[in-house]
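# Structure at a glance
This is what each chain is made of:
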2 protein chains.
Amino acid sequence: MGIQVVKNKAMEIAMKIKKLGQDDPRRIVHSIKVGVALTLVSLFYYWKPLYDGFGASGIWAVMTVVVIFEFTVGGTLSKGLNRGLGTLLAGSLGVGVNYLANLSGQKGEPFVLGIFVFLIAASATFSRFFPGIKARYDYGVLIFILTFSLVSISGYRIDEFLTLAHQRLSTILVGGAICIMISILVCPVWAGETLHNSVTSNINKLADYLEGFGGEYFYCCEDGEHGVATEKGKSFVEGYKAVLNSKSMEDSMANFARWEPKHGKFRFRHPWKHYLKIGSLTRQCAYQIEALNRHLCPQLQTQDPSQLRRMIEVPCKTLSSESGKALKALATGMKAMTNPSSSSQVHLNAAKSAMNDLKDSLKLGTAQTTNLLEIIPDATVASILIEIVKSVEDLSEAVVELSLKAHFKSIEATVSPEKPQLLHKGTINPLVEAEDEQPHVISVRGTEDGDLTEKKGSSGTTSLPT
Amino acid sequence: MGIQVVKNKAMEIAMKIKKLGQDDPRRIVHSIKVGVALTLVSLFYYWKPLYDGFGASGIWAVMTVVVIFEFTVGGTLSKGLNRGLGTLLAGSLGVGVNYLANLSGQKGEPFVLGIFVFLIAASATFSRFFPGIKARYDYGVLIFILTFSLVSISGYRIDEFLTLAHQRLSTILVGGAICIMISILVCPVWAGETLHNSVTSNINKLADYLEGFGGEYFYCCEDGEHGVATEKGKSFVEGYKAVLNSKSMEDSMANFARWEPKHGKFRFRHPWKHYLKIGSLTRQCAYQIEALNRHLCPQLQTQDPSQLRRMIEVPCKTLSSESGKALKALATGMKAMTNPSSSSQVHLNAAKSAMNDLKDSLKLGTAQTTNLLEIIPDATVASILIEIVKSVEDLSEAVVELSLKAHFKSIEATVSPEKPQLLHKGTINPLVEAEDEQPHVISVRGTEDGDLTEKKGSSGTTSLPT
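Residues numbered from 1 in each chain as written. Chains lettered and ligands numbered in written order. Predicted model: local features only at pLDDT ≥ 70, side-chain atom pairs only at ≥ 80, totals over all residues. Heavy atoms only, no water.

A separate point is unusual backbone geometry. Negative phi values dominate among residues other than glycine, just as trans dominates among peptide bonds. Residue and element names in this part refer to chain B. A positive phi angle, close to 55 degrees, is found at Met337, a residue other than glycine. Along the chain, the position of Met337 falls in the loop between α16 (307-336) and α17 (341-364). With phi around 55 degrees, His407 is a residue other than glycine that occupies positive phi space. Position of His407 relative to the elements: it lies in the loop between α18 (372-405) and α19 (449-457). Looking at His407, the relative accessible area reads 61%, which means it is exposed. (Helix = DSSP H or I, 4+ residues; strand = E, 2+ residues; numbered from the N terminus. Buried < 20%, exposed > 50% of the residue type's maximum accessible area, 1.4 Å probe, protein only.)

Put into structure tokens, the structure is as follows:
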């Protein structure tokens, strides 16, 4: 019995390990890379000539590798540069303070050194509370305090702090160089790319929700689709929740990304900060979806649909699915780094015209209304959907701004914009009121699945280290 | 001119430093504590007997102090224990591996060691991707890799790894002990207390919003209060936004808090995890307030209020302010660690009865309605407010659950429950439909300010390290 329990536990852990690796194979690669870097750095000890050159301070190279090798290239670069800079600055300052302390004679030296250590450690520690320093140079300041203490304290004892400082710097350089080279050359994980993929995949999650919402909310009206709607429902309903708490991950990725050199389609000074703006607007939209999701209660939908619900069904479905498609077009364009304005604009315009239809329906809907309380859920859903169009528009503007800042290539001339599809045949929106409306053709097609799967393929989500 | 610019810049930085210290004086104290700890540890070098005892490995004590001294006691304890445990485990494993490598002869030794370093570093690095390990033992695993590499690699060279391991462990113990003692004895910053204060202050922020919302939303109906409403508005409107992104801070504080011993009113095994549940429900409520806040557009309120708005004004205001008061009672009770059920329940019941009034108003409101589109903002606000009551109820249940788990003292017998106050004289709610309703007396008072200020005083918000 006891053995069986152990066996089950072991199987469980093995399954967890397998899942962790399958979720993101880059984790396995990263672990191997760290192992290789550490084994390489061991050469300082195993290979005699290297050992003779660097002496016992080769342990600093080992330490550097263990401490600065991060999952992303940007993380490794940021920690490596912070460590190098912190060590250099603190080393020079330590030498200067040692010189000053020497002037104060045998008796005075420990006191002078002690006072300096106290003052510099306390003020450097305080500087770590500045948000700007905390976000980017926290590790550098830590290393600064560490090195300064070590150099000034050991300087008093060993009397060869210059050698110590020199050895430490050069071993850190070697360790750091090994880390950075392996990190960049062997299957690199770029923080910038991760941020880019994460932001686009978050927009995609919202798009999935909006595309599915109409069918799910109104499913009781079409009993034939019931099964389909709930099966689809499971996959899209939970997706957007991950967006709500995405801020801290995006912030740290953006901080790492700014250290990264040109990679793939990203320049050295890619406007990473702008991704934070897009991320924030995405969360704004997710908060609205959270409000919308509260109205997806199955128990409410078993009752007979109100007249209002029947009236707003078509414009609500169109609005929701076109908003979703506009977001999907934005995400697809962003992911491919092409200017998404034309294709998403068409869907956005369709969503806006559906919004006007919805407003018209609401204007007409009054006559038949007998009880305001009964129609309030539907009215609220309509109101939130109307606001979501505004949110999608803001997001669209932010993505267009990014595409200008980051010089996304324009595909307007080569690829024809996707045509909007209306969910229900025969629904034609004749009135277009929005001021920035462009003339466009509305094609009425029956199916939307082909188009959906095609777009889904190009918007693969990337899971992130937690 | 150039000097003036430098002067201004210096003044600006000085102001920032002053503000940072004033916002949270614990930051200054923490910086001084780090300075003192480092100066103390320097004794290993300055004071000859200590130096003779520990040798050059006294630098490990310095390193330990710099690296593990965190802002909160829990953070310091967590890092210290992680460092100690990681070193101990890796040290023993390193000794074992060295013994094995020795068996394989002069030539084979580096290969065996290299393979072990690779395997253990790679698998330990992979283990850091497990969310559970990442949250609590990340630093311990890092130190494990570091120490194992150092012990096994240096063991090959120096042939006295036992001394090295012993020296390192004892200096880490000394450095860690100094940190932990200073951290606990001199103006301690407890992660648990910080979490407790932060969660209660977040509930308070939502309460402020809800208490202010009614007056702000309906201010156009009472021109006399206009100035008051907007002035008050500035302070409460922004407060709740900080709640939206509070998750990562709460998670890390809860992780630190579990290491902390009994302090103040908190036991060693205080149910810190339950605070995360309350925090999550608070964010749920904040998302709803975010939806509500979207309807506080001043330009919409300049137009003539609709009939519906006049009808729902009183119940909406009562609902919102009573929900706010219920939250405030919860926060006050939680902060004082007394059972908040009685006082908050009274307000919650008042909010529920206002909700029923609101529903009645909505039922009656139909006859006069001429255009559904015009009344949709008001209907949405009413709908969100109705949901907020449910949210406040959930939050109230979670706080009651916490008060049971954490054995909050009950004050029901000694302190009479606060009486609910209705904003408008003459509004009496005769119908109570909620199933868990208790009989209670509704006193109709004209002013609410005296009561408000009294409660505000006891719910001081604590700013947190960023």
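Counting from both sides, the interface comprises 79 residues of chain B and, opposite them, 79 residues of chain A. In total, about 7400 Å² of surface goes out of reach between chain B and chain A, with carbon and sulfur atoms giving 74% of it. The tally of links from chain B across to chain A stands at two salt bridges. In this structure, Glu387 of chain A engages Arg294 of chain B in a salt bridge whose closest nitrogen and oxygen atoms are separated by 3.7 Å. At the surface where chain B touches chain A, the tally comes to ten residue pairs in polar contact (both at pLDDT 80 or more). Sorting elements by how many residues they give to the side of chain B that touches chain A places helix α8 (residues 131-158) of chain B first, with eleven residues. Tallied by class, residues from the side of chain B that touches chain A come to 44 nonpolar, 23 polar and twelve charged. (Contact = heavy atoms within 4.5 Å. Buried area = accessible area lost by both parts, 1.4 Å probe. Salt bridge = Lys/Arg side-chain N within 4 Å of Asp/Glu carboxyl O. Polar contact = N/O pair within 3.5 Å; in protein donor to acceptor, adjacent residues only side chain to side chain. Nonpolar A, V, L, I, M, F, W, Y, C, P; charged D, E, K, R; others polar.)

For the pair chain B and chain A, the best superposition has an RMSD of 0.1 Å and corresponds to a rotation of 180 degrees with a translation of 0.0 Å parallel to the axis. Put plainly, the chains are arranged around a two-fold axis. Among all C-alpha atoms of chain B, that of Thr380 of chain B lies closest to the rotation axis, at 2.4 Å. Comparing interface residues between copies, 100% of those in chain B also lie at the interface in chain A; the contact surface is shared. (Least-squares fit on C-alpha atoms with pLDDT ≥ 70 in both.)

Moving on: the UniProt feature "transmembrane region" (unreviewed entry) in chain A. As annotated in UniProt, the feature "transmembrane region" (unreviewed entry) corresponds to residues 28-47, 53-73, 85-105, 111-130, 137-158 and 170-191 of chain A in the numbering used here. Taken end to end, residues 85-105 of chain A comprises 95% helix and 0% strand; its first and last C-alpha atoms sit 31 Å apart. (UniProt positions renumbered as here; feature names shortened; annotations may be inferred.)

It is worth spelling out the packing of aromatic side chains at this point. Within a pair of aromatic rings, the relevant descriptors are the distance that separates the centres and the angle that separates the planes. Here the structure, examined in full by the defined rule, presents 23 aromatic pairs over all chains. Seen from their ring centres, Tyr209 of chain B and Tyr240 of chain B are 5.1 Å apart, and the 70 degrees between their planes marks the pair as edge-to-face. Of this pair, Tyr209 of chain B sits in helix α10 (residues 191-217) while Tyr240 of chain B sits in the loop between α11 (226-239) and α12 (241-244); the two residues are 31 residues apart in sequence, bridging distant segments of the chain. Tyr209 of chain B gets classed as buried once you look at its relative accessible area, which sits at 0%. Centre to centre, the rings of Trp272 of chain B and Tyr275 of chain B are 5.4 Å apart; their planes meet at 35 degrees, and the pair counts as tilted. A residue pair is termed a helical-turn pair when its members lie 3 or 4 positions apart in one helix, as Trp272 of chain B and Tyr275 of chain B do in helix α14 (residues 272-293) at three residues. In this structure, Trp272 of chain B and Tyr275 of chain B share a single accessibility class: buried. Members of the aromatic cluster, each reached through a chain of ring pairs, are Tyr209, Phe213, Tyr217, Phe218 and Tyr240 of chain A. The lysine or arginine in question, Lys79 of chain A, covers the ring of Tyr139 of chain A, its NZ or CZ lying 4.8 Å from the ring centre. (Phe/Tyr/Trp six-rings, centres within 6.5 Å; stacked < 30°, edge-to-face > 60°. Lys NZ or Arg CZ within 6 Å of the ring centre and 35° of its normal.)

Residues and elements named next belong to chain B. Note on placement: Lys33 falls in helix α2 (residues 26-41). Buried charge without a salt bridge: Lys33, with Glu260 as the nearest opposite-charge side chain at an N-O distance of 10 Å. Those residues within four positions of Lys33 in sequence are excluded, and the remaining contacts are Phe69, Ile182, Ser183, Val186, Cys187 and Pro188. (Lys, Arg positive; Asp, Glu negative; His and termini not counted.)

A separate point is the packing of helix α10 (residues 191-217) of chain A against helix α14 (residues 272-293) of chain A. Residue and element names in this part refer to chain A. Across the interface, α10 lies against α14 with an axial gap of 10 Å and an inter-helix angle of 25 degrees. Classified by the angle their axes make, α10 and α14 are roughly parallel. Seen from above, α10 lies across α14 with left-handed handedness. Residues Gly192, Glu193, Leu195, His196, Val199, Asn202, Ile203, Leu206, Tyr209, Leu210 and Phe213 of α10 form the contact with α14, whose own contacting residues are Trp272, Tyr275, Ile278, Thr282, Cys285, Ala286, Ile289, Leu292 and Asn293. Looking at the contact of α10 with α14 residue by residue, the class counts come to 14 nonpolar, five polar and one charged. (Axes fitted to C-alpha atoms, helices over the stretch in contact; angles between N-to-C directions. Parallel < 35°, antiparallel > 145°, perpendicular 65-115°, else oblique. Left-handed = near helix turned anticlockwise from the far one by under 90°.)

With that out of the way, let us pick up helix α5 (residues 58-68) of chain A. Owing to its 3.6 residues per turn, the α-helix aligns residues three or four sequence positions apart on the same side. Taken across its eleven residues, α5 of chain A has eleven buried, putting it largely inside the fold. Every buried residue of α5 of chain A is listed here: Gly58, Ile59, Trp60, Ala61, Val62, Met63, Thr64, Val65, Val66, Val67 and Ile68 of chain A.

This part covers helix α16 (residues 307-336) of chain A. All names here are of chain A. A rise of 1.5 Å per residue sets the reference length of α16, with its 30 residues, at 44 Å; its end C-alpha atoms lie 44 Å apart and thus fit the reference within 8%. The axis of α16 is deflected most strongly, by about 45 degrees, at Glu313, and proline Pro315 appears within four residues downstream. Most of α16 sits out of view: 24 of its 30 residues are buried. Of the residues flanking the end of α16, it is Met337, one or two places downstream, whose phi is positive at about 55 degrees. (Expected span 1.5 Å × (residues − 1). Bend = angle between axes of the 7 residues up to and from the residue.)

A pair can form between side chains of opposite charge whenever their charged atoms are brought close. Across all of its chains, the model carries 32 salt bridges over all chains by this definition. In this structure, the salt-bridge partner of Glu70 of chain A is Lys79 of chain A, at a minimum N-O distance of 3.3 Å. Residue Asp24 of chain B pairs with Arg26 of chain B through a salt bridge whose shortest N-O separation is 3.0 Å. A relative accessible area of 23% means that Arg26 of chain B is categorised as partly exposed. Among the charged side chains, a network of salt bridges with common partners joins Lys241, Glu290 and Arg294 of chain A together with Glu387 of chain B.

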